[in-house]
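# Structural description and commentary
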Amino acid sequence: MSPKELRRLLQVELSRQGEASDTAVALALRAFVTGNPGPQGTVALKKTLRFIAGQRGSQYVFNLLNRLEVSFALRKPSLAIYDHTLHLIGGAQKYACTIAHALQDVFDVTLIVNKPVAQQDLQNWYQLDLSRCRITIIPIPFYEKENKEHLDPAAVTSRRTANPFHIISLESGRYDFFINNSMVEMVYPLAGVSLFICHFPERRPASYFYVDRYQHLVFNSRYTAGWIVKKWGLRPGIHLYPPVDMDGRMDLSAKENIILSAARFDPGGNKQQLRMVQAFKDMCRRQPQALRGWKLVLAGGSPKDNPYLQRIRQAVAESGQENMELQVNIPAAELKTLYQRARIFWHLCGLYQSEPELVEHFGMTTAEAMQNGCVPVVFAGGGLVEIVEDGVSGLLFSSQEQLLRQTLRLISEPQRLLGLAESARRRGQTFSREIFTARVEEIFAAMLNDYRLGG
Amino acid sequence: MENENIKETLRELKEFYGAEREKSATIDKLAGAAVDREIVTDFWNLTAAEIEREMFIRLDLLDQDADCLPGGPIVSHRTLLGKPIVFCKKLIRRLAGPYSAMLLQKQNRLNRELVTFQLLAFLKLRQLDKRFREMEARIADLPDPGPAETGTGEKAAGTP
């Protein structure tokens with residue numbers, strides 16, 4: 001390809017927008033570089049790049065050069081995952097770390113954070129080897145002033161302040177691939193390939209909303225996808241259920257008569273443990289014989305001063321019953337033992353809630369319980385209906401009364417309980433870390449192949 | 001170009017454009033176009049919590065804007081004309097001050113009262129909403145003979 005031909009082709013392609021035109025430009029440049037060795041070719045290349053920079057800016061040319069390097073296999077592709085709450089334990093953060101873990105051999109992976117976090121902590125929290133990943137800490141001055149643990153994106157409006165997240169937008173432009181796992185819609189992606197992972201669209205499009213500027217929109221459940229369409233008017237792209245790795249091998253018939261709840265003791269009461277205490281008390285009152293030997297165990301994490309947890313403790317104490325137990329901030333290993341011991345799993349998050357964000361977007365603990373053969377009796381809403389097949393691998397309910405009736409019936413039919421436990425365990429495997437990892441590898445292999453220009 | 005040659009050329013070019021990129025500094029320049037645009041919120045489709053949040057934000061903005069009395073320093077960024085301009089502005093403010101203050105103070109009082117009234121209406125609405133939710137939950141918890149033990153057949157809560 002001669003410099004003239006290249007210029008003509010670029011003029012056409014640069015007048016268009018989108019991935020296809022970017023690929024066509026990169027392909028043309030690669031052909032030119034390969035076909036024009038020597039100093040003359042280099043001079044022509046420099047001239048051409050100046051022309052492109054004049055049309056599209058220096059970032060576009062920088063991205064092109066990045067892509068050519070990867071295409072010629074001169075280096076490993078780089079990938080950054082941004083998460084502003086990686087310093088706190090959470091399901092979404094586990095999602096990001098599992099992606100990093102899955103891709104660290106193929107990509108040079110960098111985890112971009114705003115608050116310091118130790119690699120060892122991430123490895124311990126999620127039981128993942130992240131030794132080939134790098135952590136880059138970029139503090140955001142706007143939030144540093146407040147010195148808060150949580151960086152609340154809702155505090156930013158165009159009227160109050162300039163976009164404080166542009167510091168991350170700038171950083172994104174250094175990488176071949178950029179993944180925003182932060183649920184911060186205010187980061188503008190500048191990398192060659194960009195993905196926005198949506199765990200739930202909490203805010204409506206407002207000032208500094210750039211989700212539509214990402215090439216790929218990943219969602220964690222069909223429930224989330226529905227709300228992406230409704231709240232953002234965007235078409236969700238890649239469906240990727242969260243990774244769940246609580247798989248336990250045990251004899252299902254040797255389980256104990258425990259009804260377990262595993263959920264954060266949310267100070268706002270969203271997980272509804274208080275209602276569980278009331279429901280269990282009510283069940284014991286109605287059928288004391290059937291409930292003999294059964295106990296309710298409420299496990300979950302909680303901040304230090306939690307008035308909601310105090311209310312639960314008080315309700316348990318006032319009930320005068322000894323078959324209710326609270327397990328607060330227990331280690332993962334202990335929680336796993338509880339899953340293995342319990343026969344039934346309760347999850348009420350979303351019951352009587354009209355706000356979509358107060359309904360479980362996916363429900364990781366339900367899938368964890370199922371992997372351990374606990375029969376889920378869970379609220380019929382949000383992502384939970386995607387995990388539990390009603391009457392096959394668990395039971396769904398829409399009211400407290402229904403929860404009581406479903407549970408009492410289960411307790412009185414041990415064979416049915418055992419059958420459901422088997423199915424629940426099988427179903428739980430659908431959400432395993434292995435399946436998640438395989439899917440991540442498959443998705444990124446296809447993207448990387450395109451990025452490498454098939455090279 | 002040989003592979004090593006390509007590597008070296010691309011490295012050099014990347015260094016150059018990397019530095020150019022740093023110099024650009026603004027997102028608009030790097031993105032090749034203005035990234036911000038006017039986004040109009042469709043209030044009609046907001047959920048109850050979103051409406052409450054919007055009300056709170058608007059109330060906060062009203063509160064910030066309630067004071068309409070002239071305030072703040074008078075400045076000019078012009079080098080030569082700056083000083084006379086600032087002097088004139090100060091003079092006008094001083095001369096017209098007593099008259100405009102009479103009108104604006106009245107407006108200010110009205111603004112304050114309106115903002116306070118809006119705040120009270122907002123709080124009242126919140127209280128009513130809370131009571132309504134509590135009643136709703138209590139009604140839902142009343143024992144009912146409900147036919148279905150499995151397969152509720154109802155639309156899942158929160159489904160858009």
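Values in this document were obtained by computation on a predicted structure and should not be read as measured data. (Residues numbered from 1 in each chain as written. Chains lettered and ligands numbered in written order. Predicted model: local features only at pLDDT ≥ 70, side-chain atom pairs only at ≥ 80, totals over all residues. Heavy atoms only, no water.)

### Describing the overall build of chain A
Scanning chain A from N- to C-terminus turns up 17 helices and 13 strands. Counting only C-alpha atoms, chain A reaches 90 × 45 × 40 Å along its principal axes. In chain A, which comprises 455 residues, the proportion classed as buried is 61%. Look at the contacts in chain A between residues 6 or more apart in sequence, and 69% of them connect residues 24 or more apart. Total accessible area on chain A is roughly 17800 Å²; 51% of this is exposed by carbon and sulfur atoms. (Helix = DSSP H or I, 4+ residues; strand = E, 2+ residues; numbered from the N terminus. Buried < 20%, exposed > 50% of the residue type's maximum accessible area, 1.4 Å probe, protein only. Contact = heavy atoms within 4.5 Å. Areas by Shrake-Rupley, 256 points an atom, 1.4 Å probe, with all protein chains shown as cover.)

### As for helix H16 (residues 414–428) of chain A
Residues and elements named next belong to chain A. The first and last C-alpha atoms of H16 sit 21 Å apart over 15 residues, in line with the 21 Å expected at 1.5 Å per residue. Of all the residues in H16, the buried ones are Leu 417, Leu 420, Ala 421, Ser 423, Ala 424, Arg 425, Arg 427 and Gly 428. As for H16, its buried residues are in contact with strand E11 (344–347), helix H13 (364–371), strand E12 (375–379), helix H14 (384–387) and helix H15 (400–412). (Expected span 1.5 Å × (residues − 1).)

### Here's the deal with the interface of chain B and chain A
At the junction of the two partners, chain B supplies 57 residues and chain A supplies 73 residues. Of the roughly 5400 Å² buried at the junction of chain B and chain A (both faces included), carbon and sulfur atoms supply 54%. Our count for the contact surface shared by chain B and chain A stands at six salt bridges. Among the salt bridges present, the one from Asp 212 of chain A reaches Arg 37 of chain B, with a minimum N-O distance of 2.8 Å. (Buried area = accessible area lost by both parts, 1.4 Å probe. Salt bridge = Lys/Arg side-chain N within 4 Å of Asp/Glu carboxyl O.)

### Details of the pattern of salt bridges
Residue and element names in this part refer to chain A. Considering all chains together, one arrives at 36 salt bridges over all chains under this definition. Arg 285 is the partner of Asp 282 in a salt bridge, and the nearest nitrogen-oxygen pair spans 2.1 Å. Here Asp 282 pairs with Arg 285, and both are found in helix H10 (residues 273–286), just three residues apart, close to one helical turn. The class of Asp 282 is buried, set by a relative accessible area of 17%.

### Considerations on the pairing of E11 of chain A
Residue and element names in this part refer to chain A. Of the two faces of E11, the one holding Ile 344 and Trp 346 and the one holding Phe 345 and His 347 are both buried throughout. Pairing of strand E8 (residues 258–262) with E11 involves two bridges; the strand directions are parallel. Its bridge partner being in E11, Leu 260 is matched across the sheet by Phe 345. Inspection of the sheet shows E11 paired to E12 by four bridges, in the parallel sense. The residue of E12 that forms the bridge with Trp 346 is Val 377. Running through H13, the crossover from E11 to the neighbouring parallel element E12 is right-handed. (Pairing = 2+ DSSP bridges. Right-handed = clockwise from strand over helix to strand, strands pointing away.)

### So, the confidence of the model for chain B
Caution is warranted with low-pLDDT regions, since their predicted coordinates should not be read in detail. All names here are of chain B. Looking at chain B as a whole, the pLDDT averages 82, with 87% of positions reaching at least 70. Mean pLDDT values for the elements of chain B range from 86 in helix H1 (residues 3–24) up to 88 in helix H2 (residues 27–31). Predicted confidence for residues 148–153 stays below pLDDT 50, and this span has 16 contacts to residues more than four positions away or in other chains. (pLDDT = per-residue confidence, 0-100.)

### Describing the sheet that holds E8 of chain A
All names here are of chain A. The strand order across the open sheet formed by six strands is E10-E9-E8-E11-E12-E13, and the pairing between neighbours is parallel. Strand pairing shows two members of the sheet lacking a second neighbour, strand E10 (324–328) and strand E13 (395–397), which therefore form its edges. Going across the sheet, the axis of each strand differs from the next one's by a mean of 20°, ignoring polarity. Inspection of the sheet shows strand E9 (residues 295–300) paired to E10 by five bridges, in the parallel sense. For Leu 298, the partnering residue across the bridge sits in E10 and is Leu 326. The strands touched by H10 are E8, E9, E10 and E11; relative to E9, the strand with the most contacts, the crossing angle is about 175°. In this fold H13 packs onto E8, E11 and E12, with an angle of close to 175° to the strand it touches most, E11. (Axes fitted to C-alpha atoms, helices over the stretch in contact; angles between N-to-C directions.)

### Some thoughts on the nonpolar core
All names here are of chain A. Ranked by size, the top nonpolar core spans 69 residues in total, and within it Ile 259, Leu 260, Phe 280, Met 283, Tyr 339, Ile 344 and Trp 346 carry the most contacts. Counting residues per element, this core draws most heavily on H10, at seven residues. Dropping the residues within four chain positions of it, Ile 259 is found in contact with Phe 280, Met 283, Trp 294, Lys 295, Leu 296, Val 297, Ile 344, Trp 346, Thr 407 and Ile 411. (Core = buried A, V, L, I, M, F, W, Y, C linked by side-chain atoms within 4.5 Å.)

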